[in-house]
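Chain and residue survey
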Amino acid sequence: MKAWWHEVWETLQAEFADIGDAAQLTRITVRLVIAAILGGILGFEREHKGKAAGVRTHMLVALGAALFVLVPQMSGSQADAMSRVVQGVIAGIGFLGAGTILKNTEGDEGHVKGLTTAAGLWMTAAIGVSAGMGRESTAVLSTLLALAIFSVMPRIVKMLDKDRGDAP
């Protein structure tokens, strides 16, 4: 009869045996680190501009989204199950984004704030899903495009407004 502690030890080993080999460990690590770094890049840009959702928020959103798709994928889930996971991530991030949107009713007209933050978190989750699914190149390209939208588009809009004479 095996000792009780030996049975506990074997159970613990079995519980932590979900990573089978070095290739799988590398794959998991690369996907999660890429998701966190890309989320951090977008978060740094937002934090640098003084927005509410910064580096940590974006990193956690991207990492969480990657993990949500990575675990079922590594467990051998079928495409229909993965589709439901992605749908759940999208809906969940929608609720998170809704919490960042505020309507200011002071003054003559209402002003909505936080839409870009909500859209940025949504995009960060999509980048995390992409990295988690093993589409790192797509995740990097999407991050570069999102960075361009955050950084370049406000300048273009300001320039166009100035040309029209709308800017103060």
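For the structure, see preceding data.
Right, let's talk about the overall build of the protein for a bit. Helices and strands together make up the secondary structure of the protein, namely 6 helices and 2 strands. Written out in order from the N terminus, the α and β elements of the protein read α-α-α-α-β-β-α-α. Its C-alpha atoms give the protein a radius of gyration of 21 Å, clearly above 15 Å, the size a compact globule of 168 residues would have. Its C-alpha atoms give the protein principal-axis dimensions of roughly 85 × 35 × 30 Å. In the protein, which comprises 168 residues, the share counted as buried stands at 26%. Summarising the internal contacts of the protein: among those between residues at least 6 apart in sequence, 59% fall at separations of at least 24. Total accessible area on the protein is roughly 11,400 Å²; 65% of this is exposed by carbon and sulfur atoms. In the protein, 15 side chains carry a positive charge and 15 a negative one; their mean positions are 6 Å apart.

Another point: the packing of aromatic side chains. Throughout the structure, instances matching the rule amount to 0 aromatic pairs. Against the face of Phe 150 rests Arg 46, its NZ or CZ located 4.2 Å from the ring centre.

Here we take up a nonpolar patch on the surface. A cluster of nonpolar residues, Ile 149, Val 152, Met 153, Ile 156, Val 157, Met 159 and Leu 160, forms a patch on the protein surface that exposes about 590 Å² of accessible area. Relative to the helices and strands, Ile 156 resides in helix 6 (residues 136-164). With relative accessibility at 32%, the residue Ile 156 sits in the partly exposed group.

The next thing to look at is the pattern of salt bridges. Side chains carrying opposite charge are able to pair once their charged atoms draw close together. As enumerated under the stated definition, the model contains 4 salt bridges in all. With a shortest N-O distance of 3.2 Å, Glu 45 and Arg 46 are connected by a salt bridge. An identical accessibility class is assigned to Glu 45 and Arg 46; each is buried. Across the salt bridge formed by Asp 80 and Arg 84, the nearest N and O atoms sit 3.8 Å from each other.

Attention now goes to helix 2 (residues 22-48). For helix 2, which comprises 27 residues, the first-to-last C-alpha distance of 38 Å matches the rise-based estimate of 39 Å (1.5 Å per residue) to within 8%. In the segment just after helix 2, Gly 50 is the residue with positive phi, at about 80°.

Calculation notes
- Residues numbered from 1 in each chain as written.
- Predicted model: local features only at pLDDT ≥ 70, side-chain atom pairs only at ≥ 80, totals over all residues.
- Heavy atoms only, no water.
- Helix = DSSP H or I, 4+ residues; strand = E, 2+ residues; numbered from the N terminus.
- Rg over C-alpha atoms; globule rule 2.2 N^0.38 Å.
- Buried < 20%, exposed > 50% of the residue type's maximum accessible area, 1.4 Å probe, protein only.
- Contact = heavy atoms within 4.5 Å.
- Areas by Shrake-Rupley, 256 points an atom, 1.4 Å probe, with all protein chains shown as cover.
- Lys, Arg positive; Asp, Glu negative; His and termini not counted.
- Charge placed at Lys NZ, Arg CZ, Asp CG, Glu CD.
- Phe/Tyr/Trp six-rings, centres within 6.5 Å; stacked < 30°, edge-to-face > 60°.
- Lys NZ or Arg CZ within 6 Å of the ring centre and 35° of its normal.
- Patch = residues over 30% accessible without salt bridge, like charges linked within 9 Å, V, L, I, M, F, W, Y side chains within 5 Å.
- Salt bridge = Lys/Arg side-chain N within 4 Å of Asp/Glu carboxyl O.
- Expected span 1.5 Å × (residues − 1).

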